[in-house]
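Listed here are the chains, written in short residue letters.
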Amino acid sequence: MASLPPRPSVPQPAPAPVPYVLALADDLSGAAETACALGGPVRLSLAADVAGSPAAHDLVVDLDTRHLPAAAAAYAVRTALRAAQAGPPRLLYKKVDSQLRGHLAAEAAAYAEGAEAVVIAPALPAAGRTVTGGVVHVNGVPLHRTDGWRAERAAAPRSLPEALSGLPVRTVPLDVVRSGPAALEAEFRRIAESGAHPAPDAETDADLDAVAAAALRLGPGFRLLGSAGLALALGRATARPAAAHPPAPTQHGAPLLFVVGTAEPAAVAQIAHLAALGAHHVTLDPAGLAAGTARLPRTAAVSALTVLSIDGSAGLRPCAGRALSAALGALAAAYPGRPDLVLTGGETARTTLDALGTQELEPLGEIHHGAVHSRTPDGRHVVTRPGSYGAEDSLLRIAAALRPRLAAAPAAT
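Residues numbered from 1 in each chain as written. Predicted model: local features only at pLDDT ≥ 70, side-chain atom pairs only at ≥ 80, totals over all residues. Heavy atoms only, no water.

A.B. asks: Help me understand helix 7 (residues 205-218) in this model?
C.D. replies: In an α-helix there are 3.6 residues to a turn, and that puts residues three or four apart on one side. For helix 7, which comprises 14 residues, the first-to-last C-alpha distance of 20 Å matches the rise-based estimate of 20 Å (1.5 Å per residue) to within 8%. Three or more residues of helix 7 are buried, namely Asp207, Leu208, Val211, Ala212, Ala214, Ala215 and Leu218. Viewed along the axis of helix 7, the buried residues span an arc of 160°, placing them on a single side of the element. Residues of helix 7 that are buried sit in contact with strand 5 (117-121), helix 5 (174-177), helix 6 (181-193), strand 10 (197-200), strand 11 (222-226) and helix 8 (228-238). Just downstream of helix 7, glycine 219 is the residue with a positive phi angle, here 100°. (Helix = DSSP H or I, 4+ residues; strand = E, 2+ residues; numbered from the N terminus. Expected span 1.5 Å × (residues − 1). Buried < 20%, exposed > 50% of the residue type's maximum accessible area, 1.4 Å probe, protein only. Arc of directions from axis to C-beta. Contact = heavy atoms within 4.5 Å.)

Below is the structure:
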């Protein structure tokens, strides 16, 4: 029996390309962290020019809303979303603080407008921040029992539903998150149909992978809101080709300036490691900064490594945070020798770059978790890092990465 000729192959349609991401952040260090987490070609903008951005890369925008009144912060989110609707289709992501600081309720409510639901997952396992029973934990301790909000004007919320008061939220237990794709999608859909927003528990990156995958399968009506942990999961789910960066040599002859604007106690020990390396530490009086009378000493200009920090011996001044950051940033921008910059704390990073007139950063990679190495359009190297991140050797590791001749790189932790 003669064999039949083979059937001609039928071309299969190519899978639809996954749209690029538009991520909205409320501070600069978080925006930089998110840009690195997404993993592909990305632009980090300090100007909310969402509509004019080309679609061939992910776009992360620092809306810089931490210091604004809640209503103004919500308006900034709405304005960015309206502008995005005029451009190419994008996946939407709202970056929030893993310890729920900032205008979370107001910005989440604005972000939810027009969505079927917002999937809320602020866990960040790499930094010890998990969510169990709708409660954020920091290294196993409920957030409201930690000192993570000591620089805030209010007490830490006891749960996600409390933090998002005014927005109907339903928690999703960990066993449902781990029960398989169909069950998790069905639970998200059920909660959305009830008029609420799902807030799944998550303790591991695998939990966040499940959350991101379920939301993506449910379609663009389900928007994602979370910390850099969920942004990492989104980056893994969209599987972009890695961003290709040309070699980025640092300026060997330029000074390296650390600007430490955080109120975290760990910063004292981090600065001590730099001082042991020979860095010149300039401690600035907060009253002088607030009054505009603080000046850099002449000795600061001759050091290859300099640290600027605010004297916190008199205690925290939460209401003065933005003003102090702005004054600190202005001093850093006026530092002679065009230094490369290491900026800790989102407000400090933003006010320093604003004083320099910088409106865009090109993320190059992470030195350690949360410490994002970027380059400005004119070639200056900038590292941003949230104030609450990093072990005792964090600043030393950053110095070793940027100036290997000045510091022997410590062992990775």
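A.B. asks: Quick question: what am I supposed to make of the pairing of strand 4 (residues 91-95) here?
C.D. replies: Within a regular strand, side chains alternate between the sheet's two faces. Among the five residues in strand 4, four count as buried, and that is most of the element. In this structure, strand 1 (residues 21-25) lies alongside strand 4, joined through four bridges in parallel fashion. If you follow valine 21 over to strand 4, its bridge partner there is leucine 91. As paired strands, strand 4 and strand 11 are joined by three bridges and run parallel to one another. Bridging from a neighbouring strand, lysine 94 pairs with leucine 225 of strand 11. (Pairing = 2+ DSSP bridges.)

A.B. asks: So what exactly am I meant to see when it comes to empty space enclosed by the protein here?
C.D. replies: Empty pockets left among the atoms are what a rolling probe the size of a water molecule brings to light. Taken as a whole and judged by the stated rule, the model has two cavities of 30 Å³ or more. In terms of lining, the largest cavity is formed by Asp26, Lys94, Val96, Asp97, Arg101, Gly102, His103, Leu104, Glu107 and Ala108. Taken together, the residues of the lining of the largest cavity sort by class into three nonpolar, two polar and five charged. (1 Å grid on protein atoms, 1.4 Å probe; cavity = no way out; pocket = protein on both sides within 12 Å on 5 of 7 lines; lining within 4 Å. Points joined across faces, edges and corners; volume = space filled by probe spheres on them. Nonpolar A, V, L, I, M, F, W, Y, C, P; charged D, E, K, R; others polar.)

A.B. asks: Is there a simple way to explain the packing of helix 7 against helix 8 in this structure?
C.D. replies: A pair of packed helices can be characterised by two numbers: the angle between their axes and the separation between those axes. At a minimum axis separation of 8 Å, helix 7 and helix 8 run at an interaxial angle of 60°. In terms of axis orientation, helix 7 runs oblique to helix 8. The way helix 7 lies across helix 8 gives a crossing that is right-handed. On helix 8, the residues touching Asp205, Leu208, Asp209, Val211, Ala212 and Leu216 of helix 7 are Gly229, Leu230, Ala233, Leu234, Arg236 and Ala237. (Axes fitted to C-alpha atoms, helices over the stretch in contact; angles between N-to-C directions. Parallel < 35°, antiparallel > 145°, perpendicular 65-115°, else oblique. Left-handed = near helix turned anticlockwise from the far one by under 90°.)

A.B. asks: I would appreciate a short explanation of the side chain of aspartate 26 in the present structure.
C.D. replies: Along the chain, aspartate 26 turns up in the loop between strand 1 and helix 1 (28-38). At 2.7 Å, the side chain of aspartate 26 and the side chain of arginine 66 are in polar contact. With residues near it in sequence (within four places) discarded, aspartate 26 still touches Asp62, Asp64, Thr65, Arg66, Lys94, Lys95, Arg101, Gly102 and Glu107. (Polar contact = N/O pair within 3.5 Å; in protein donor to acceptor, adjacent residues only side chain to side chain.)

A.B. asks: Help me understand the pattern of salt bridges, please; the structure alone is not making it clear to me.
C.D. replies: Pairs can form between side chains of opposite charge once their charged atoms are near each other. Counted under the stated rule, the structure contains 19 salt bridges. The residue arginine 350 makes a salt bridge to aspartate 64 at a minimum N-O spacing of 3.8 Å. Highlighted residues: arginine 350 in helix 12 (residues 346-356) and aspartate 64 in the loop between strand 3 (58-62) and helix 2 (70-85), separated in sequence by 286 residues. Its salt-bridge partner being glutamate 107, residue lysine 94 comes within 2.8 Å of it at the nearest N-O pair. Here lysine 94 is found in strand 4, whereas its partner glutamate 107 is found in helix 3 (residues 104-112), with 13 residues between them in sequence. Residue class for lysine 94 comes out buried when judged on its relative accessible area of 1%. According to the relative accessible area criterion, glutamate 107 is buried, its value standing at 3%. It is possible to trace a salt-bridge network through shared partners that takes in Asp26, Arg66, Asp97 and Arg101. (Salt bridge = Lys/Arg side-chain N within 4 Å of Asp/Glu carboxyl O.)

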